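Each chain is listed here by its residues.
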Amino acid sequence: MTTFDPNAACAPNGRFFGFPYRTEEADLVLIPVPWDVTTSYKPGAAEGPQAILNASYQLDFFDFFVPKAWEKRIATEKPDFADLRNTSHKMRPIAEKVIERAETEGGVPAADRDLMTIEAASETLNEWVAAQCRTQLQQGRKVGIVGGDHSVPYGHWQALADFHESWGILHIDAHADLREAYEGFTFSHASIMYNALQLQRTDGTTPVTSLVQVGIRDVCEEEMARAAADKRVHTFPDPLLQQARCQGVSWDTQVADILARLPQKVYISFDIDGLEPALCPHTGTPVPGGLRYGEMQYLLDALRRSGREIIGFDLCEVAPHPTDRADEWDGNVGARVLYQLCLTALG
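Just so it is clear, the model here is predicted, and its values are computed rather than measured.

A. Quick look at the overall build of the chain. When helices and strands are counted, the chain shows 10 helices and eight strands. Its C-alpha atoms put the chain at 60 × 50 × 45 Å along the principal axes. Expressed as a percentage of its 347 residues, the buried residues of the chain come to 57%. Long-range contacts, defined here as pairs at least 24 residues apart, represent 77% of the contacts in the chain between residues at least 6 apart. Summed over all atoms, the accessible surface of the chain reaches about 14500 Å², with 49% contributed by carbon and sulfur. Measuring between centres, the 31 positive side-chain charges of the chain sit 5 Å from its 49 negative side-chain charges.

B. Local environment of the pattern of salt bridges. Following the criterion strictly, the structure yields 17 salt bridges and no others. Its salt-bridge partner being R73, residue D27 comes within 3.1 Å of it at the nearest N-O pair. Of this pair, D27 sits in the segment before β1 (28-33) while R73 sits in the loop between α1 (48-56) and β2 (74-76), and the two are 46 residues apart along the sequence. Classification of D27 as partly exposed rests on a relative accessible area of 34%. For R73, a relative accessible area of 37% gives the class partly exposed. D230 is the partner of R232 in a salt bridge, and the nearest nitrogen-oxygen pair spans 2.9 Å. Residues joined in a network through salt bridges with shared partners are K97, R101, D112 and D114.

C. Structural view of the nonpolar core. Counting residues in each nonpolar core, the largest one holds 106 residues, and the members touching the most others are F17, L30, W157, W167, L170 and L338. Here this core gets nine residues from one element, more than from any other, and that element is helix α10 (residues 329-346). Setting aside anything within four residues of it in sequence, one finds F17 in contact with C10, L30, S56, Y57, L59, F61, A335, L338, Y339 and C342.

D. Representation of the sheet that holds strand β8 (residues 309-316) in the model. Taken in spatial order, the eight strands of this open sheet run β2-β1-β3-β8-β7-β4-β5-β6, and their pairing is parallel. Every other strand in the sheet has two partners, leaving β2 and β6 (233-236) as the edge strands with one partner each. If you compare each strand with its neighbour and ignore which way they point, the axes differ by 20° on average. The pairing of strand β4 (residues 167-172) with strand β7 (residues 265-271) spans five bridges and is classified as parallel. Considered in β7, the bridge of I172 is made with F270. With respect to the sheet, α1 is in contact with β1, β3 (142-147) and β8, its orientation differing from that of β3 by roughly 110°.

E. Structural detail: the pairing of β3. Counting buried positions along β3 gives five out of six residues, so the element sits mostly inside the fold. In the sheet, β1 pairs with β3 via six bridges, with the strands oriented parallel. For I31, the partnering residue across the bridge sits in β3 and is I145. Pairing between β3 and β8: three bridges, direction parallel. Counted as the bridge partner of I145 is D314 from β8.

F. View of the environment of S188. The topology assignment puts S188 in the loop between β4 and α5 (192-198). Exposure remark for S188: the relative accessible area of 1% places this residue in the buried category. Measuring from C-alpha to C-alpha, the distance between S188 and W251 comes to 32 Å, with 63 residues separating the pair along the chain. Setting aside its immediate chain neighbours within four residues, S188 contacts T38, S151 and Y182. In terms of polar contacts, S188 uses its side chain to reach the backbone amide nitrogen of A190, at 3.0 Å.

The rules behind each value
- The numbering scheme is per chain: residues are counted from 1 as the chain's sequence reads.
- pLDDT decides what is reported in this predicted model: residues at 70 or higher carry local features, side-chain atom pairs at 80 or more are listed and counted, and totals for whole chains, interfaces and linings draw on all residues regardless.
- The side-chain values count all of the structure's non-hydrogen atoms but skip hydrogen atoms and water molecules.
- Each helix is a run of DSSP H or I of at least 4 residues and each strand a run of E of at least 2, with the numbering of both proceeding from the N terminus.
- Exposure classes here rest on a 1.4 Å probe applied to the protein chains alone. A residue is buried below 20% of its type maximum, exposed above 50%, and partly exposed in between.
- Any two residues having at least one pair of non-hydrogen atoms within 4.5 Å are treated as being in contact.
- Only the protein chains shown count as cover for residues, and all accessible areas are computed by the Shrake-Rupley method using a 1.4 Å probe.
- Charged-residue counts in this description rest on Lys and Arg as positive and Asp and Glu as negative, His and the chain ends being excluded.
- By convention, the point assigned to a charge is CZ for Arg, NZ for Lys, CD for Glu and CG for Asp.
- Salt-bridge detection follows one rule: a side-chain nitrogen of Lys or Arg within 4 Å of a carboxyl oxygen of Asp or Glu.
- In plain words, nonpolar cores are sets of buried Ala, Val, Leu, Ile, Met, Phe, Trp, Tyr and Cys residues tied together by side-chain atoms within 4.5 Å.
- The pairing criterion for strands is at least two bridges between them, as found by DSSP.
- A fitted line through C-alpha atoms serves as each axis, taken over the contacting stretch for helices, and the angle formed by two N-to-C directions is quoted from 0 to 180°.
- Polar contact is defined as a pair of N or O atoms within 3.5 Å, subject to the rule that within protein one atom must be able to donate a hydrogen and the other to accept it, and that residues adjacent in sequence are counted only when both atoms are side-chain atoms.

Written out as structure tokens, the structure reads:
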């Protein structure tokens, strides 16, 4: 850090934001997970970590709410991007065959060979993520997962369950992700919050005691029924938030209500499509509506100021333009959201 100039242009060094911290001296370690095998609409999130990394080098690091934000010790664990991404690309065509049969035939038998291949690959990914996270947690570091589709944080939660008895999840998303084994995939990106609620520690207890969903606006009947039946789930649908604001309720009041549903320990799970689609036009499942950037920033800063302990986070579903490499908008927004998540986690 004696030679790092936060006012100068960053030299690409393979680490998010070009920060020079090594893993062993960091308080927070970012782990890229380029994976989007079960994406049900448009693929591309496997390219998200690289797009965010590329865009992160041109950020300015002054923050209006966190003094000397650039001094936060944020490191990047650098696994082989290509290896995971290549496996994702290899599995994707197999998953697409399962998706096609699920949509045309109404379901896929559990013994289907292609489905079993994807299930095994997803299990392997979860084990890899869990192992990576445990290594950092054992050293007292926090972890941020940079996806990838929204299936990738499950291994992070498995690791956290070894270190924390319970926590709440602040879930920012356009979708509730409460479908059970969507399109046949146990670890579908559309099932991640269903899986979070089923997670158990080795002693049989359930670590996720509260799931607070913000920005939800594209859901099915099954998901809303499941949310209503589980007292742990607190849903703040975007249409109702918008309606209340039209009637004069401030975002500050709504944020206070959101935070009141969270316990002392909080995990942030951030799907980029929770934002308005102008901020993430190439994400896999964009939906009209959503949080403005300033609203997202206010929510995260209020959470930071609340004194709660942020035990980890993920940022998922950022996807760059599929053909135009000069269009870096999705990565640009993703890098800034990632920076805000880091500052929130480190207090």
